[in-house]
Amino acid sequence: MDLTITPLEQANLKEPPRNDFGFGNKFSNRMFTQKYTPDKGWHEATIGPYAPFQLDPATAVLHYAQEIFEGTKAYRSEDGRINLFRPWENMKRFNRSAQRMAMPLVDEEDHLEAIIKLIELEEEWVPDPPAALYIRPTMIATDPALGVRASKSYLHYVIIGPVGPYFKEGFNPVPVYISDTYRRAVKGGVGDAKTGGNYAASLFVGEDASKKGYSQVLWLDAIHGRYIEEVGAMNICFVYEGRKIVTPPLTGSILPGVTRASVIELGRDLGYEVAEEMLDVHQALADLEQGKITEVFGCGTAAVIAPVGKLGYQEKEYWVNDNRTGPVAQKLYDELTGIQYGRIPDRFGWIHTIDVA
Ligand SMILES: *Cc1c(COP(=O)(O)O)cnc(C)c1O
């Protein structure tokens, strides 16, 4: 790739924070950008200063939400090197999302190369464990026109910034609200694309759940209002009798998480039975009450594994494992973060290491 690296203005440089990372509100001094037009294709690939964009008020993305994004992390290992976790999967998914949203594909190798170069330049922004560097590739439609059609021009960019734990609870169980009324996505829609509109549609319900004391919303399928799909920005897993992990199959309205795929592979490797099965919410809640379901947890890049301590459904509360983190969630969390931070050998070929001088 023809990548231009432009100098930073020394006067405005920020220092990376040493603690108090928050989640997603601190960014490094540089970002990657490239532009797309039908005649030139992708061009002007640049790593330059992190800076606001100037956009025409009519810019397509601001009106019709033609937008996609990705989320992955870089982890500082004990020997000082930097690990990316299955970044190829994020590059592939970015293109799958692009295709669904009628956007141009990007070269997956170039995309990863740009991310690696950006991290190399911003190496001091990769914090020590348990923090990590969050990587946010994004593409937006940039035609300055209100006609409803796919844009012709696009902006692809990548920003990075250090992040601490996703939940204020840390690695402790979170309360999750099952929405009986609202739906996140429907089969045939865009639920399996990582696009901002899915989140926009979820915010109202999220606020409502938050007022009720819940930190996430668990979504049911839109056709029957019955089958469990996923939770917030995470996929969901139920543990039966401490040994069988069940997660809903990817039916088209669920985002195919990299963490989900890793839990399936790792879970089997650790000797658990892992099944992708439809979970009827009434059956699941009954199984929970009867003690058959011993754990529930979400999985996603941000939190890695997020134990669920309580489910709320139709004005009723269902406690999970007495609101404590269970052994399966703990084991998967330790193994996954162990591989990510290089404390455990990577027996799956999931890690791409960046050697920094
Ligand atoms: C990103 C995302 C996930 C989790 O995917 P990971 O690749 O594991 O981070 C799950 N659900 C939704 C809706 C998402 O946007």
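A quick note: this is a predicted structure, and the numbers were derived from the prediction, not measured.

Caption draft 1: Quick peek at the packing of aromatic side chains. Tallied over the full model, the rule gives twelve aromatic pairs. An aromatic cluster of three or more residues is present, and its members are Tyr 36, Trp 42 and Tyr 154. Note that Lys 14 overlies the ring of Tyr 50, its terminal NZ or CZ placed 5.0 Å from the centroid.

Caption draft 2: Representation of the packing of helix α2 (residues 87–100) against helix α3 (residues 108–121) within the structure. For the pair α2 and α3, the least separation of the axes is 10 Å and the interaxial angle reads 125 degrees. Comparing their axes, α3 and α2 come out oblique. The hand of the α2/α3 crossing is right-handed. Across the interface between the two elements, Pro 87, Trp 88, Met 91, Lys 92, Phe 94 and Asn 95 from α2 touch Glu 108, His 111, Leu 112 and Ile 115 from α3. Classifying every residue of the contact of α2 with α3 gives six nonpolar, two polar and two charged.

Caption draft 3: Spotlight on the pairing of strand β7 (residues 132–141). In terms of burial, β7 is largely enclosed, as nine of its ten residues are buried. Note: strand β4 (residues 67–69) against β7, three bridges, orientation antiparallel. Paired with Glu 67 across the bridge in β7 is Ile 140. Sheet topology places strand β5 (residues 72–76) next to β7; three bridges connect them, and they run antiparallel. If you follow Ala 74 over to β7, its bridge partner there is Leu 133.

Rules used in this analysis
- Residues numbered from 1 in each chain as written.
- Predicted model: local features only at pLDDT ≥ 70, side-chain atom pairs only at ≥ 80, totals over all residues.
- Heavy atoms only, no water.
- Phe/Tyr/Trp six-rings, centres within 6.5 Å; stacked < 30°, edge-to-face > 60°.
- Lys NZ or Arg CZ within 6 Å of the ring centre and 35° of its normal.
- Axes fitted to C-alpha atoms, helices over the stretch in contact; angles between N-to-C directions.
- Helix = DSSP H or I, 4+ residues; strand = E, 2+ residues; numbered from the N terminus.
- Parallel < 35°, antiparallel > 145°, perpendicular 65-115°, else oblique.
- Left-handed = near helix turned anticlockwise from the far one by under 90°.
- Contact = heavy atoms within 4.5 Å.
- Nonpolar A, V, L, I, M, F, W, Y, C, P; charged D, E, K, R; others polar.
- Buried < 20%, exposed > 50% of the residue type's maximum accessible area, 1.4 Å probe, protein only.
- Pairing = 2+ DSSP bridges.

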